[in-house]
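Topology and contacts: notes
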Amino acid sequence: MAISYRPEIDGMRAVAVVSVLIYHLRMPSPDSYILPGGFLGVDVFFVLSGFLITSIVAKEIAASGRIDFSGFYLRRARRILPPLFLVLFASIPVAYAVLLPSEMQSFANSLWAALGFYSNFFWYFELGEYGSQSGLLQPFLHTWSLAIEEQFYLVWPILLLLLMRFARNRIVLVTVGLLVASLALAQLSTFWRGDFSFFSTASRAWELLAGAVLALSTRDFRAMADKSILLRYAPSLGLAAVIVSMVFLKVESPYHPGLATIPTILGTCMMIAFANPRDPATRLMAAGPSVWIGKLSYSLYLWHFPIFAFGRLYFIEPADWIDWTVWIALTFALSWLGYRLVEKPLRFKLATKPFLTLLASATVLAIALPFGLKQIDMDKAPMAARLAPIYGANDYDNQRLDRESWEVIDAVPGGTIGKTEAHSPSPNELGGLWFSPDARLKVLVVGNSHGKDMFNALYLNRERFEGVEFARFGLGGHFGADQVAQLVASPNYKAANVIAIAPLWAGVAERHLEVIRQFLADGKQVVLIDNTAKFDQPSQLPILDYEARLTGEMPDTDEFNRRAFKVQEANVAQENREIAELGRRAGVPVYSRYRLVCDDALGSCSQLTPAGKKTVYDYGHWTVDGARLFGERAADAGWFSEFLSAGDSAD
């Protein structure tokens, strides 16, 4: 059942989508980038959606006492699906031309997530995986917000029907109660796991419910605005609150979604409730250009992210004003064409039966296509074909190198783990015994993903450490009490002679000293392994890949390793001095992982092996070839020989 058209609401959509576009461009500013809180445009969309959908459904219930659910979801399908299918189908050939093999697998999975409206869960797990590719390079990341809306509208119409039948006089009060409960849950979730809360429907429901409260209220807000000068200009104050939040709020805030989101939600509610012709913000949002952008807002939202992501994936250098201008122009052009040729005709003109037939055909095709994409040999696709001659024997797919580095442990009996265990132990690390009874020295390497690299280096060179066996235990760098308790209870810890502590140290704390002394009290020998070299990245690519793709050839090994020495992250030296001091205080030796990679005297860091193979696949994680080289150097440096000698003397 239709409601009266309000042009200023399209203007509010324009504010929302323009802020999101600016935010995703990531245009740098002196302290971060322009409009760092532009992501709040999505929150504005949620309020508008809650207001409009609740208004329509509540009006239908009031008129007929029921909801035509088939009609409701048909309207949702007409609104949401045609533009989504258009962007999805248009993106597939671009993905084939631009993506690398590992990226195509994730892309295909993301298409299913978008179609099934579970993108919020998909991207929570996908981006939460350690070492995952930047979200800015994921063409369908933005569909998480569509998933939240559709999940909400699976429940809300039914709940609204029940409330209007059995609690009509208290419906606003109950809805406000649900809003407050969701807000409280959002803030608690954000404190607990901000990444989870960001993608959680429960943490976002209060924003949709805020719009619903306005729709259900019996107050005449416009009449109130006529009687009060302050309320007359409330939309301008609301718009100011939204803009100020967008200028100052950061996405990593521990209060978003939560308390820090309240000004944006209240500001949007003020714009909706008190809109009136005498208010400047209302007039601005009801103006022709604002309304035009607002009508395109859904298409703009769908098109912009794939365009931006594919642009970043194809062009290796950081985007500049030319790139941003082209991206925005292409976004508006494709959105306008899609709106005119697909969105409007299929939403308003096509009869139900042919629409459903077309929808069914598109759905079957969209579900089937990712299966085909996952079977394509992407090493023969255009991007891989362009890169293969440049890289030669090296792999151009860093995500594949990352995955291979985790597969080394698969060769250890009972040692299978995965990237999800980067900062915590796997079941096999908790309960398995990797050491054999006759090993002279049993070394347990503990740490995060860099501890995995250190284990790889030692295990791949185990024949050079005669009488020594190695195991690994995933441990976060802060040495949490629960994880340390799990470590101490594990069979590998009980059997080990030496505990080699090898995380990426993010600083030294008294907690580290306490744990080392606990290990020593348990009769263990302890060695600290300092931080590896870390390298600045000029773009989303590591420096080696950046130079190779920019010049069209792999650089000379010695010359490039000398250049790599000059682009190290400056904080590593200070971190390693702190680790050395920790070792002195604890009375335990410190082995230099840094010197396995870099030679300060020569002014060189081995980003390429003597054979020209890549040693790192990002800022500092080691490839299998890198681990093999650095493990050889550890053996040559006599790592762990002092513990073997001590054991022999004791015998």
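Residues numbered from 1 in each chain as written. Predicted model: local features only at pLDDT ≥ 70, side-chain atom pairs only at ≥ 80, totals over all residues. Heavy atoms only, no water.

1. What about the overall build of the protein chain?
Looking only at helices and strands, one finds 31 helices and seven strands in the protein chain. Along the three orthogonal principal directions, the C-alpha set of the protein chain runs to about 90 × 55 × 45 Å. Looking at the 651 residues of the protein chain, the share that counts as buried comes to 56%. Carbon and sulfur atoms make up 62% of the accessible area of the protein chain, which amounts to about 27400 Å² in all. Computing the positive centroid from 58 side-chain charges and the negative centroid from 61, the protein chain places the two 13 Å apart. (Helix = DSSP H or I, 4+ residues; strand = E, 2+ residues; numbered from the N terminus. Buried < 20%, exposed > 50% of the residue type's maximum accessible area, 1.4 Å probe, protein only. Areas by Shrake-Rupley, 256 points an atom, 1.4 Å probe, with all protein chains shown as cover. Lys, Arg positive; Asp, Glu negative; His and termini not counted. Charge placed at Lys NZ, Arg CZ, Asp CG, Glu CD.)

2. Some points on the sheet that holds strand E4 (residues 525-529)
Judged by pairing direction, the sheet is parallel, and its five strands sit side by side in the order E2-E1-E3-E4-E5 without closing on themselves. Edge positions in the open sheet fall to strand E2 (468-474) and strand E5 (590-591), since each of these has one partner strand only. In terms of strand pairing, strand E3 (residues 498-501) meets E4 through four bridges, oriented parallel. Each bridged residue has a counterpart across the sheet, and for alanine 500 the counterpart in E4 is valine 527. The strands that helix H23 (residues 481-489) touches are strand E1 (441-447) and E2; relative to E2, the one it contacts most, it runs at about 150°. In the packing of helix H25 (residues 510-521) onto the sheet, contacts are made with E3 and E4, and the angle to E4 comes to roughly 150°. (Pairing = 2+ DSSP bridges. Contact = heavy atoms within 4.5 Å. Axes fitted to C-alpha atoms, helices over the stretch in contact; angles between N-to-C directions.)

3. Considering the packing of aromatic side chains
Ring pairs (aromatic) are described by centroid distance and by the angle formed between their planes. Applying the stated criterion across every chain, the model contains 38 aromatic pairs. Aromatic pair tyrosine 391 and tyrosine 396: ring centres 6.1 Å apart, planes at 80°, arrangement edge-to-face. The two residues tyrosine 391 and tyrosine 396 agree in class, both being buried. In this structure an aromatic cluster arises from ring pairing among Phe465, Phe470, Tyr591, Trp639, Phe640 and Phe643. Its guanidinium or amino end placed over the ring of phenylalanine 355, arginine 78 lies 4.5 Å from that ring's centre, counting from NZ or CZ. (Phe/Tyr/Trp six-rings, centres within 6.5 Å; stacked < 30°, edge-to-face > 60°. Lys NZ or Arg CZ within 6 Å of the ring centre and 35° of its normal.)

4. A closer look at helix H15 (residues 288-295)
Those residues of H15 that fall on the buried side of the exposure criterion are Ser290, Val291, Ile293 and Gly294. Mapping the buried residues of H15 onto a view down its axis gives an arc of 165°, with all of them on the same face. For H15, the secondary structure elements touched by its buried residues are helix H1 (7-25), helix H14 (280-286), helix H16 (297-314) and helix H17 (321-349). (Arc of directions from axis to C-beta.)

5. Examining the side chain of serine 604
Looking at the secondary structure, you find serine 604 in strand E7 (residues 604-605). Looking at serine 604, the relative accessible area reads 16%, which means it is buried. When neighbours within four sequence positions are excluded, serine 604 is seen to be in contact with Asn561, Arg562, Phe565, Val597, Cys598 and Asp599.

6. Concerning H17
Relative to the 42 Å expected for 29 residues at 1.5 Å per residue, H17 spans 39 Å between its end C-alpha atoms, a close match to the ideal helical length. Taken together, the buried positions of H17 are occupied by Asp323, Trp324, Trp327, Thr331, Ser335, Gly338, Tyr339, Val342, Glu343 and Leu346. Close packing links the buried residues of H17 with H1, helix H3 (69-98), H15, H16 and helix H18 (352-375). For H17, the capping residue at the N-terminal end is aspartate 320, with a side-chain oxygen 3.1 Å from the backbone nitrogen of isoleucine 322. (Expected span 1.5 Å × (residues − 1). Polar contact = N/O pair within 3.5 Å; in protein donor to acceptor, adjacent residues only side chain to side chain.)

7. Focus: the confidence of the model for the protein chain
With 97% of its residues at a pLDDT of 70 or more, the protein chain has an overall mean of 93. Within the protein chain, no element has a lower average pLDDT than helix H31 (residues 641-650), which sits at 68, and none a higher one than helix H29 (residues 594-597), at 98. (pLDDT = per-residue confidence, 0-100.)

8. Quick look at a nonpolar patch on the surface
A grouping of Leu154, Val155, Leu159, Val174 and Leu178 is seen on the molecular surface, where their side chains present a nonpolar patch of about 380 Å² in accessible area. Its place among the elements puts leucine 154 in helix H6 (residues 144-166). In this structure leucine 154 comes out as exposed when scored by relative accessible area, which is 54%. (Patch = residues over 30% accessible without salt bridge, like charges linked within 9 Å, V, L, I, M, F, W, Y side chains within 5 Å. Salt bridge = Lys/Arg side-chain N within 4 Å of Asp/Glu carboxyl O.)

9. Observations concerning the pattern of salt bridges
For the coordinates displayed, the defined rule picks out 25 salt bridges. The shortest N-O distance in the salt bridge between glutamate 8 and arginine 6 comes to 2.6 Å. Residue lysine 614 pairs with aspartate 545 through a salt bridge whose shortest N-O separation is 2.9 Å. With lysine 614 in the loop between E7 and helix H30 (624-636) and aspartate 545 in helix H26 (residues 543-551), the pair connects residues that are 69 residues apart, well separated along the chain. For the pair formed by lysine 614 and aspartate 545, the shared burial category is buried.

10. Here we look at unusual backbone geometry
A cis amide bond, omega -5°, links histidine 256 with the succeeding residue proline 257. In this fold, proline 257 is placed in the loop between helix H12 (234-248) and helix H13 (262-273). Phi is positive for phenylalanine 640, close to 75°, though the residue is something other than glycine. Within the secondary structure, phenylalanine 640 is located in the loop between H30 and H31.

11. A look at the pairing of E3
Across a regular strand the side chains alternate sides, sitting on one face of the sheet and then on the other. Burial along E3 is two-sided: Val498 and Ala500 and Ile499 and Ile501, pointing in opposite directions, are all buried. With H25 bridging E3 and the parallel E4, this β-α-β connection has right-handed handedness. (Right-handed = clockwise from strand over helix to strand, strands pointing away.)

12. Focus: the nonpolar core
If you look at the biggest cluster of nonpolar residues, it comprises 119 residues, and the most contacted ones within it are Leu81, Leu99, Phe107, Trp144, Trp156 and Leu160. In terms of residue count, the dominant contributor to this core is helix H2 (residues 40-64) (13 residues). Leaving out residues up to four positions away in the same chain, tryptophan 144 has contacts with Val42, Phe46, Ser119, Asn120, Phe198, Phe199, Arg204 and Tyr301. Core analysis: the next-biggest nonpolar cluster, separate from the first, contains 74 residues, Val412, Leu458, Leu582 and Ala635 among them. (Core = buried A, V, L, I, M, F, W, Y, C linked by side-chain atoms within 4.5 Å.)

13. Here's the deal with the environment of alanine 275
Position of alanine 275 among the secondary structure elements: in the loop between H13 and H14. Distance from alanine 275 to leucine 296, taken between C-alpha atoms, is 21 Å for residues 21 residues apart in sequence. Every residue in contact with alanine 275, bar those within four places of it in the chain, is listed here: Arg6, Glu8, Arg222, Pro235, Met270 and Thr282.

14. Quick look at the packing of H6 against helix H7 (residues 171-192)
Here H6 crosses H7 at 145°, and the two axes come no closer than 10 Å. Pair H6 / H7 crosses with right-handed handedness. Seen from H6, the contacting residues are Trp156, Leu159, Leu160, Leu163 and Met164; seen from H7, they are Ile171, Val174, Thr175 and Leu178. (Left-handed = near helix turned anticlockwise from the far one by under 90°.)

15. A short note on the packing of helix H4 (residues 101-116) against helix H5 (residues 119-128)
Viewed as axis vectors pointing N to C, H4 and H5 meet at an angle of 150°, and their least axial separation amounts to 8 Å. On the basis of the axis angle, H4 is roughly antiparallel to H5. Judged by residue contacts, Ser106, Asn109, Ser110, Ala113 and Ala114 of H4 engage Ser119, Phe122, Trp123 and Glu126 from H5. Split into classes, the residues belonging to the contact of H4 with H5 amount to four nonpolar, four polar and one charged. (Parallel < 35°, antiparallel > 145°, perpendicular 65-115°, else oblique. Nonpolar A, V, L, I, M, F, W, Y, C, P; charged D, E, K, R; others polar.)

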